[in-house]
Each structure stands twice: as C-alpha cells, then as structure tokens.
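# Coordinates in review
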Amino acid sequence: MTTATYHSTSSLRSYLRDVGVAARNLARALFAAQERQFVPQDAVVKPAVSERARARNHMRLIRMANDYQDMQPSLAAELRQLASRG
C-alpha cells in the first residue's frame, strides 16, 4: 500500500492575505492622485468642404444605396440616411 503526502509551505490564510495586499496595492495605484500637467496643443483646423465635393459624396452614397437595394434593403436605407445628413 502506498501513501501520498502533501506538505504545504503556505496556508490558505497567508495566500488570502497576499491576495488582499495585492488588491490594496492595485487599488492604491489606480486611484492615486497624481498631478497632471496641462500641455496646450495646437488645434487642427480641417479645411472646409466645398459644395461640389459634398454633392459628389452625396451622389456616391445614393448610387451605393441603389446598388444594394435588391440585396440588402436595410443597408440601402442606412446609406440614404447618411447621404441625407449632408
């Protein structure tokens, strides 16, 4: 008859204590109040879209909607709705 023995060097209590310490340290690191430096950044100004480009994009969306009307009517409706936003 053979007997297997298991000798544990750490108990459940010390394991739970270590987990608690790790959780406290994590919470302390997450919620630590750090002074943040404000660095002003240059604002990027987008160029204005011309009416011609806007009309061209509108027509592209309408054509795409017409292409998908038979296969996916809901997609076509969404494309038309996007085109109507301008």
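Since the structure is predicted, the reported quantities are computational estimates derived from the model, not experimental observations.

## A look at the overall build of the protein
Counting secondary structure elements, the protein contains three helices and zero strands. Counted from the first residue to the last, the protein has its helices and strands arranged as α-α-α. By residue count, 7% of the 86 residues in the protein fall in the buried class. About 8,700 Å² of surface is accessible on the protein, with carbon and sulfur atoms providing 56% of the total.

## Some points on a nonpolar patch on the surface
On the surface, Leu 12, Tyr 15, Leu 16 and Val 19 cluster together into a nonpolar patch covering about 430 Å² of accessible area. Counting through the fold element by element, Tyr 15 comes out in helix α1 (residues 12-30).

## Some remarks on helix α3 (residues 73-85)
An α-helical turn contains 3.6 residues, so any two residues separated by three or four positions project in the same direction. Helix length check: α3, at 13 residues, gives a terminal C-alpha distance of 19 Å against a target of 18 Å (1.5 Å per residue), a fit within 8%. Among the residues making up α3, those that are buried are Ala 76, Leu 79 and Ala 83. Looking straight down α3, one finds its buried side chains confined to an arc of 60°; they lie on one side. Pointing more than 90 degrees away from the buried face of α3 are the exposed residues Ser 74, Glu 78, Ser 84 and Arg 85. On its buried face, α3 sits against α2 (51-68).

Each value, and the rule that gives it
Residues numbered from 1 in each chain as written. Predicted model: local features only at pLDDT ≥ 70, side-chain atom pairs only at ≥ 80, totals over all residues. Heavy atoms only, no water. Helix = DSSP H or I, 4+ residues; strand = E, 2+ residues; numbered from the N terminus. Buried < 20%, exposed > 50% of the residue type's maximum accessible area, 1.4 Å probe, protein only. Areas by Shrake-Rupley, 256 points an atom, 1.4 Å probe, with all protein chains shown as cover. Patch = residues over 30% accessible without salt bridge, like charges linked within 9 Å, V, L, I, M, F, W, Y side chains within 5 Å. Salt bridge = Lys/Arg side-chain N within 4 Å of Asp/Glu carboxyl O. Expected span 1.5 Å × (residues − 1). Arc of directions from axis to C-beta. Contact = heavy atoms within 4.5 Å.

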